[in-house]
Amino acid sequence: MYSYEEILTGFRQIPLTDSRIILVHSSYKSLGGVEGGAEAVIDAFLEWVGPEGTVLLPNFNFQSWTETHYFDVQETLSQMGIISELGRLRPQAVRTPHPIYSFTVFGKRQKEFAACDDVESYGPNSVFALFHKLNGLNVSIGLDWNSTFSMIHYVEYNVGCDHRRGKNFSGIYVGYDNEPKIKTYSMFVRKDSRVITDVVPGTDELFNAGIIKGVSVGDSTVHYCPAIDYFDNLSIIVREHPEKLHKIKAASY
């Protein structure tokens, strides 16, 4: 069991960017047990970035909007792990509006991120675009490459790729005003059912080149990469070697 101070000291090994913004994908279990549980880990994030910092926790719920066609910004559960869900439930938390790619936000730039209401998942007024502009820090706690760094599809969308396409999804949307509305939002989906997302080769390349770095925190390996470095270097792979980010399943009859 690790103490709060041990976990915080582990995070402080990681240099923050000037904006002091972190976007954290996480597996709480990978840390090996923390006194105070997942709530203590959230507290450590907030202390790590300090009063001038901002913490983003992904609250994605793909089934809610794309399958059941209903999203309530205050009630729809996060499917991104216990840290994400407990963060969503904190009184001071604000959830960003996109019903597929929503984030809980804490800290200095909370209002700026909360105002990111782009119908496109990765458009110019999306959370990802502001995170990129401000050069936040991608942080991944104990996750494999295919389960983290959601910014990867933002890069594919903005650079352009042949294995994905935009697709609109409509449904009943309940915002902070508690008024149900019919709204439409877009997601950058796989081009067809033969495309299999597999970003491991491309992400391994960035890690081996030292673009993505890693440190040990508790029992976990925490990977991190500034948004601008990630975008600039992954863009080359998207343009020149997109096969390192997906596979094509053989047709069966």
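Notes on the structure in this doc start here. Residue positions are given per chain, counted from 1 along the sequence in the order it is written. Owing to the predicted nature of the model, reporting of local features is limited to residues with pLDDT of at least 70; listing and counting of side-chain atom pairs is limited to 80 or more, with chain, interface and lining totals taken over all residues. By convention in this description, side-chain values take in all heavy atoms of the structure and omit both hydrogens and water.

1. Describing the side chain of Glu 156
- Numbering goes from the N terminus for both helices and strands, where a helix is a DSSP run of H or I of at least four residues and a strand is a run of E of at least two. As for its position among the elements, Glu 156 is in helix H7 (residues 151-159).
- Taking relative accessible area as the criterion, Glu 156 reaches 1% and is therefore assigned buried.
- Apart from the residues within four sequence positions on either side, Glu 156 is in contact with Cys 161, His 163, Arg 164, Phe 188, Val 238 and Leu 245. Burial classification: accessible surface area is computed with a 1.4 Å probe over protein chains only, and a residue below 20% of its type maximum counts as buried, one above 50% as exposed, and the rest as partly exposed. Any two residues whose heavy atoms approach within 4.5 Å at even a single point are treated as in contact.

2. With respect to the sheet that holds strand E8 (residues 180-190)
- Any two strands between which DSSP finds at least two bridges are classified as paired. Taken together, the three strands give an open sheet; going across it, the order is E3-E7-E8, and neighbouring strands pair in mixed fashion. Taken across any chain shown, the strands that pair with only one partner, and hence form the sheet edges, are strand E3 (70-72) and E8. Sheet twist, expressed as the mean angle between neighbouring strand axes with direction ignored, is 45°.
- One ladder, built from three bridges, connects E3 with strand E7 (residues 164-174); its direction is parallel. Looking at E7, one finds that Phe 71 is bridged to Tyr 173. Note on method: axes are straight lines fitted to C-alpha atoms, helices fitted across the in-contact stretch only, with angles between N-to-C directions ranging 0 to 180 degrees.

3. Considering the sheet that holds strand E2 (residues 54-58)
- The mixed open sheet is built from seven strands, whose spatial order is E4-E5-E2-E1-E6-E11-E10. Each having just a single partner strand, strand E4 (94-95) and strand E10 (213-217) make up the two edges of the open sheet.
- Both strand E6 (residues 137-141) and strand E11 (residues 220-226) contribute to a ladder of five bridges, which runs antiparallel. The residue of E11 that forms the bridge with Ser 140 is His 223.
- In the packing of helix H1 (residues 4-11) onto the sheet, contacts are made with E6, E10 and E11, and the angle to E10 comes to roughly 165°.

4. Here we look at unusual backbone geometry
- Although it is not a glycine, Asn 135 sits at a positive phi angle of roughly 55°.
- With respect to the secondary-structure elements, Asn 135 resides in the loop between helix H6 (127-133) and E6.
- With a phi close to 65°, Asn 178 is a non-glycine residue in the positive phi region.
- Its location among the elements puts Asn 178 in the loop between E7 and E8.

5. Observations regarding the pairing of E7
- Bridge count between E7 and E8: 11 bridges; the pairing is antiparallel. By the bridge assignment, Lys 167 is partnered in E8 with Met 187.
- Counted between consecutive antiparallel strands, the loop separating E7 from E8 contains five residues, among which Asn 178 sits at a positive phi close to 65°.

6. Considering the packing of aromatic side chains
- Between 30 and 60 degrees the pair is tilted, below 30 it is stacked and above 60 it is edge-to-face, where a pair is any two Phe, Tyr or Trp rings, Trp via its six-membered ring, whose centres lie within 6.5 Å. Summed over all chains, the structure comprises 21 aromatic pairs.
- Residues Phe 60 and Tyr 101 carry aromatic rings whose centres are separated by 4.8 Å and whose planes lie at 80° to one another, so their mutual orientation is edge-to-face. Taken together, the positions of Phe 60 in the loop between E2 and helix H3 (62-66) and Tyr 101 in the loop between E4 and strand E5 (103-107) put the pair 41 residues apart, joining distant regions of the chain.
- Among the residues examined, Phe 60 registers a relative accessible area of 2% and is labelled buried.
- The interplanar angle of 50° and the centroid separation of 6.2 Å between the aromatic rings of Tyr 122 and Tyr 157 together place this pair among those described as tilted. Note that Tyr 122 is positioned in the loop between helix H5 (110-114) and H6 and Tyr 157 in helix H7, a separation of 35 residues in sequence.
- Linked through ring pairs, Phe 60, Phe 62, Tyr 101, Phe 103, Tyr 122, Phe 128, Tyr 154, Tyr 157, Phe 188 and Phe 231 together constitute an aromatic cluster.

7. Some details on the pattern of salt bridges
- By salt bridge we mean one thing: a side-chain nitrogen of Lys or Arg within 4 Å of a carboxyl oxygen of Asp or Glu. Considering all chains together, one arrives at 10 salt bridges under this definition.
- When the shortest N-O distance is used, the salt bridge between Arg 90 and Asp 43 registers 2.9 Å. Of this pair, Arg 90 sits in the loop between helix H4 (82-88) and E4 while Asp 43 sits in helix H2 (residues 37-49); the two residues are 47 residues apart in sequence, bridging distant segments of the chain.
- With a relative accessible area of 12%, Arg 90 lands in the buried category.
- Of the residues examined, Asp 43 reaches a relative accessible area of 34% and is grouped as partly exposed.

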